[in-house]
Amino acid sequence: MDKIQSDCPYPGCFFCVMKEANPSKRRASVLKFFRELPSQDDDGQVLPISGLWNTAMAHPNDPEFINLGIFECMAALIWKGLKNRRWLAHDQNIYIPYYAAHIIGSYTMNMEEFAERAVRAGVIPPLVELLRGRLTWVEQRVAVRALGHLATYPSTFPAVADHGEVLELAIQLASSSLEIVYSHFYQFVDRRLGYHCDLLTRGMGGVEMESRKAEEWASQLQCWSLQLINCFAFKPEFLHDICKADFLIKLPGMWGGLVNENSPAGVGLLRTICQSKVGRGHVANIPGTIDALCNIARSSDDWQYMAVDCLIWLVQDASTCHKVIDKVAPTLIDLANISTLGDYKRLGDTIVTVLQEFMQQSGNSRSTISAQTKAEIDELLRSKQSLKLEKSMPKEDLHIKQAAALVVKLEGNSLFSSGNIAGAAEKYSEALALCPMKSKKERVVLYSNRAQCYLLLQQPLAAISDATRALCLHSPVNRHAKSLWRRAQAYDMLGLAKESLLDAILFINECSQSNDPDLSLKQNKVPDYAERLVKKQMRAAWLFREAALKHGGVHCEGDASDAFGQEGDDSEWETASESDAENDAKGEADDETEWKNDGHREDFCEKS
């Protein structure tokens, strides 16, 4: 290609080509550039590729470069890097396969037509080679992203699926990606590949930023692998390969950390699997996966509705309902008063209908349900019937019931303040039985107060159940600060770090926006007890925790080092079962939640 600018050090410079004012000449020059670049060995080739990467990221729907052969060029460059290690090691060519795969992924992200052009250009075989790990995990990350986009479209999915190893490789990568990144990059600072560090930080960060970006990229590597698997999960013929017990039981834990809060992660794949009867059959046979789905369904994270979908479908399926009902029913009952969740409108009504239909269809086979589960479902159905009856009751009668519930609640507060925690819990139960179903605010308080009693009585499962019911009744849903805090403590008792962390963070957020003087953060300072719990759970839920344990420790920087490997302030964190139980028993009934200030308990049960 002729040199466009005399002062440019690189013959046929792409940037000079793009400055050509005549559109026809510019297109001809770009076409020639794409055709000739893979066969050239000149220095400085990474510069136009990185420029193309920026263009693809900024304008992924622009067809100009697609029409001029960018896919053919990128596929050839990846092949060149795989086959010619001398060229790959020269100058900065090591970056080129990464950028080339990233460009393919960006241009196929939104447009099925572009994806079809990419397949015809032969991009899939070199991407599969990168997926195999022929280079490093960094190139695997962009290869699985690109293949995931290509597998999304009906017209291009078969071309991806024709490479039979893609699904197996994606499953392996989803399962091992965190360990790969930890052991090949994060663990040993002095062994990190220079070009990996540059790619992660764009040359602008130090060791601490490299570590943080590695966590983000590891999360993306796992989540993009799950997205690729998800494309296969819609096809029944691939479910047998996906639904292996050891993989399904890991899926709920593939949540991607907090850096990928918009990804559906493992529960999103489980939701796809549960849309199929075959998939539901596999999931129902793994109790650990059902337990995890119940925890997610009760939690306050963005994927709650996906887990709820799975549980509802499992109960509606005649072939799986009796296998899961004893585990699933208590969770659905806790959620039966929820209104809107995600795309769901009147979700609580849907849950009640599903459980009612289950009971009707079970008929004589109810013996397969535990007596406790049957009693809980029956109680739920009675409560819904009571709500219907209340609509026809005189207002005076409702006011009498509400007043009676208030009297009993105050008796519960008094018992609690005197240290009779079990007696207080019983009074709150009596008050709930009296309180009209339509008095949602009062029922929120009663459930939340009883949850605190269960915490002190060392009954975390009951505390989670009541706190969840309070959160479902509250408007907006999942935003009752005191119930969030109580559930965070209960999850902590059970060792459910992620769930506890999410509730604790939401609790702090709610406090920062609250007008309640007991809740508002003084001088915007996070309470010490909440900060301690968040730090503890961030250590426990750290993305690389399992990998670090497997590889004998961790070597990292900044917060990550503090978050794992130094357990110093764990001993300072006290759950409600420890010193606070004694303080709570001595305290006076004042407010609904447990508060600490320099170790001193200030209030407890809500008066209003």
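As a reminder, the structure under discussion sits directly above these lines.
This report concerns the structure included in the present document.

Rules and cut-offs
- Residues numbered from 1 in each chain as written.
- Predicted model: local features only at pLDDT ≥ 70, side-chain atom pairs only at ≥ 80, totals over all residues.
- Heavy atoms only, no water.
- Axes fitted to C-alpha atoms, helices over the stretch in contact; angles between N-to-C directions.
- Helix = DSSP H or I, 4+ residues; strand = E, 2+ residues; numbered from the N terminus.
- Parallel < 35°, antiparallel > 145°, perpendicular 65-115°, else oblique.
- Contact = heavy atoms within 4.5 Å.
- Nonpolar A, V, L, I, M, F, W, Y, C, P; charged D, E, K, R; others polar.
- Salt bridge = Lys/Arg side-chain N within 4 Å of Asp/Glu carboxyl O.
- Buried < 20%, exposed > 50% of the residue type's maximum accessible area, 1.4 Å probe, protein only.

**Let's talk about the packing of helix H17 (residues 265–274) against helix H18 (residues 277–284)**
Helix packing geometry: the angle between the two helix axes and the distance between the axes. Two numbers describe how H17 lies on H18: the axes approach to 6 Å, and their chain directions differ by 120°. If you check the angle between H17 and H18, you find them oblique. In this structure, H17 contributes Leu270, Ile273 and Cys274 to the contact, and H18 contributes Gly279, Arg280 and Val283. Of the residues assigned to the contact of H17 with H18, the class counts are 4 nonpolar, 1 polar and 1 charged.

**Some points on the pattern of salt bridges**
Under the counting rule described, the total for this entry stands at 26 salt bridges. Note that Arg212 and Glu208 form a salt bridge whose closest N and O atoms lie 3.1 Å from each other. One end of the pair is Arg212 and the other is Glu208, both in helix H14 (residues 207–233) and 4 residues apart, which spans about a single turn. With a relative accessible area of 43%, Arg212 lands in the partly exposed category. Look at Glu208 and you get partly exposed, because its relative accessible area is 40%. A salt bridge links Arg298 to Asp334; the shortest N-O distance between them is 2.8 Å. Taken together, the positions of Arg298 in helix H19 (residues 287–298) and Asp334 in helix H21 (residues 321–334) put the pair 36 residues apart, joining distant regions of the chain. On the basis of relative accessibility, which here comes to 14%, the residue Arg298 falls in the buried class. Accessibility expressed as a relative area gives 2% for Asp334, which makes it buried.

Keep in mind that these numbers describe shape and distance, not what the molecule does.
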